[in-house]
Amino acid sequence: MSSRRRQSTQRKTAPESSVTPIRLPPFLKPGAAVEISSDEAGFRGSWYVGEVVAVPSSDSTTKCEVEYTTLFFDKEGRKRLKEVVDAAQLRPPVPAMPEREKERDVAVGEDVDAFYSDGWWEGTVTEVLGDGRFSVYFRASKEQIRFRRDELRFHREWVNGAWKPPIEEREEEEEEEEEEEDLLSRVDPETAREIAKQMFSIGTIVEVSSDEEGFKGSWFSAKVIEHVDEEDKYLVEYRDLREENGIEPLKEEADFLHIRPPPPADEDIDFAVRDKIDAFYNDAWWVGDVIESMKEGIVGVCFRYTGEKMRFGRQGLRLHRDWINGTWQLPLKRGEMKRATKKVPCDRNVRPKKAIDKEHFSGGDPVEVSSVEEGFEDSWFLAKVIEYRGTDKWLVEYEKLKAEDGKEPLREEVNVFQIRPRPQETVMVNPLEKLDEVDALYNDGWWFGVVKKVLAKSNYLVHFPKTDEVLKFHVSRLRPHQEWIDGKWIASSKVCF
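Since we're looking at a predicted model, the values are computed, not measured.

**Q** It is not clear to me how the overall build of the chain should be interpreted in this structure. Could you clarify?
**A** A count of helices and strands for the chain gives three helices and 38 strands. Within the chain, residue pairs in contact and separated by at least 24 positions form 52% of the contacts whose partners lie at least 6 positions apart. Accessible surface computed for the chain: about 27300 Å², of which carbon and sulfur atoms make up 49%.

Below, the structure written as structure tokens:
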């Protein structure tokens, strides 16, 4: 996340010896349906339906041409608007809402997307009005508007090539997470390191995985070029990926946990529904599940991390195997991993300790102040009101932020919609759980995030949607997320399945 002092952010750079080409997510192809976001002021938090017209012809850019479905270039509405946008502004369309979600009640505090002005806008339900209508508050514009139930959908984020929370049944998602955690728990890093040193000599044919967004669950064929001893990394040369010039094979460093030998070949295997397989697609092997079996060896496959569904012949498939401590192991079929089901309550696990009733501010009032500056959305900084400047502007003095001299507290003139009372002090009755919305104290401010994983000793991994970062926090630096709407605090509710 950004530092509030607005210093330049350091970025990781590729080794000078090689330039890594940019890989587009697999869903970006000409003609593909997408949703398009905007970086323009006043349009952040909105998504418009469209389709991809063209993708980059080289690996040096991520700019794509798109055509909007509901926006038009002319007043008559005949010529659809076309734009060139970055791939980071694109995602697949949100799948149709399952029947169980259509029947689910929309509660106060629920994060939703509302269809408004030809696009989907991210907001929070603040009031259930009855007769199938709801009031929705938009954090980006500070507006509150009424909508019908059929104009709303439950909010989701496209993160690392998958929908969060997922569209699929929660039981299947928990099974995959449990399977992945079980796999990680069986890998001994020291054993894996020693085996890698013995097996992966120069010239060895290997497969390399990637943690890049949109490439989770994929393995690319390569060969080892060099062992970088001091970092337990290997320089590899890919078989099917090319450098920026499109001619030379791509070379890249990978750590020992992301390299494995090619799995053994399968002979005369008929794939069955629920088999976990790898399918060769876009120059890599991708993990998926067989969802249908057809004539002449054709099977339908659902890719685990993107949810995409495709059909493959026998030659493009292999049984999925996991490389664990020097041996190949076959996974269980989906549905064979049993567990006790845990139901998660949707009520907030906090108890108000002190309420703040003020709707108007005066000099000296303790407040929190948000920023409209790019990179600081969804953050709040402690301050106090100094004086009213007129035209809905206030002068505030920050508690932790300093002026240019680094000594005096920073003072700033802000709009009234950027100020709110400090949230109610809360006492945690129950521990935080996965998918709870929280504010995390970081870089002198409170930043909105979602609990991604519960760790030991009251620690949590928190995902920040705006920056797509995941950071570790102790519970003492977290608080339940709340919104100040119409003079009262509204607690966000957890997504339940």
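Next comes the rest of the account.
**Q** What should I look at first to understand the nonpolar core in this one?
**A** Here is a general trend for soluble globular proteins: nonpolar side chains tend to be buried in one another's company. If you look at the biggest cluster of nonpolar residues, it comprises 30 residues, and the most contacted ones within it are Val 208, Tyr 234, Tyr 238, Ile 259, Ile 277 and Leu 317. Of all the elements, strand β15 (residues 233–242) adds the most residues to this core, at four residues. The residues touching Tyr 234, leaving out its near neighbours within four places in the chain, are Ala 196, Lys 197, Phe 200, Val 224, Glu 226, His 227, Val 228, Glu 252, Glu 253, Ala 254, Phe 256 and Ile 259. Leu 28, Val 34, Val 52 and Trp 163 belong to the second largest nonpolar core, which has 29 residues in total.

**Q** Honestly, the packing of aromatic side chains in this entry has me stumped. Any pointers?
**A** To describe a pair of aromatic rings, you give the distance between the ring centres and the angle between the ring planes. Evaluated as defined, the whole model comprises 21 aromatic pairs. Ring centres of Phe 215 and Phe 220 lie 6.4 Å apart, and the angle between their planes is 45 degrees; this geometry places the pair in the tilted category. Of the two residues examined, Phe 215 and Phe 220, each falls in the buried class. Aromatic rings pair up to connect Phe 215, Phe 220, Tyr 238 and Trp 286 into one cluster. Sitting over the ring of Trp 219, Arg 260 keeps its end group 3.9 Å from the ring centre. The ring of Trp 285 carries Arg 318 above its face, with NZ or CZ at 4.2 Å from the centroid.

**Q** Please clarify how the pairing of strand β2 (residues 46–54) should be interpreted in this entry.
**A** Regular strands have side chains that alternate between both faces of the sheet. As paired strands, strand β1 (residues 33–37) and β2 are joined by five bridges and run antiparallel to one another. Paired with Val 34 across the bridge in β2 is Gly 50. The pairing of β2 with strand β7 (residues 119–130) spans two bridges and is classified as antiparallel. Its bridge partner lying in β7, Trp 47 is registered against Trp 120. Examined bridge by bridge, β2 and strand β3 (residues 63–72) share four bridges and lie antiparallel to one another. Residue Gly 50 lies in a different strand from β3, and its bridge partner there is Tyr 68.

**Q** Please clarify how the pattern of salt bridges should be interpreted in this entry.
**A** Close approach of charged atoms allows side chains of opposite charge to pair. Counting across every chain of the model gives 28 salt bridges. When the shortest N-O distance is used, the salt bridge between Arg 193 and Asp 232 registers 2.6 Å. Of this pair, Arg 193 sits in helix α3 (residues 189–199) while Asp 232 sits in the loop between β14 (218–228) and β15; the two residues are 39 residues apart in sequence, bridging distant segments of the chain. Owing to a relative accessible area of 18%, Arg 193 belongs among the buried residues under this scheme.

**Q** Would you explain a nonpolar patch on the surface in this entry?
**A** On the surface, a cluster of nonpolar side chains totalling about 240 Å² of accessible area is made up of Val 372, Val 416 and Phe 417. Within the element layout of this structure, Phe 417 appears in the loop between β29 (409–415) and β30 (419–421). The exposure class assigned to Phe 417 is partly exposed, which follows from its relative accessible area of 39%.

Reading the values: the criteria
Residues numbered from 1 in each chain as written. Predicted model: local features only at pLDDT ≥ 70, side-chain atom pairs only at ≥ 80, totals over all residues. Heavy atoms only, no water. Helix = DSSP H or I, 4+ residues; strand = E, 2+ residues; numbered from the N terminus. Contact = heavy atoms within 4.5 Å. Areas by Shrake-Rupley, 256 points an atom, 1.4 Å probe, with all protein chains shown as cover. Core = buried A, V, L, I, M, F, W, Y, C linked by side-chain atoms within 4.5 Å. Buried < 20%, exposed > 50% of the residue type's maximum accessible area, 1.4 Å probe, protein only. Phe/Tyr/Trp six-rings, centres within 6.5 Å; stacked < 30°, edge-to-face > 60°. Lys NZ or Arg CZ within 6 Å of the ring centre and 35° of its normal. Pairing = 2+ DSSP bridges. Salt bridge = Lys/Arg side-chain N within 4 Å of Asp/Glu carboxyl O. Patch = residues over 30% accessible without salt bridge, like charges linked within 9 Å, V, L, I, M, F, W, Y side chains within 5 Å.

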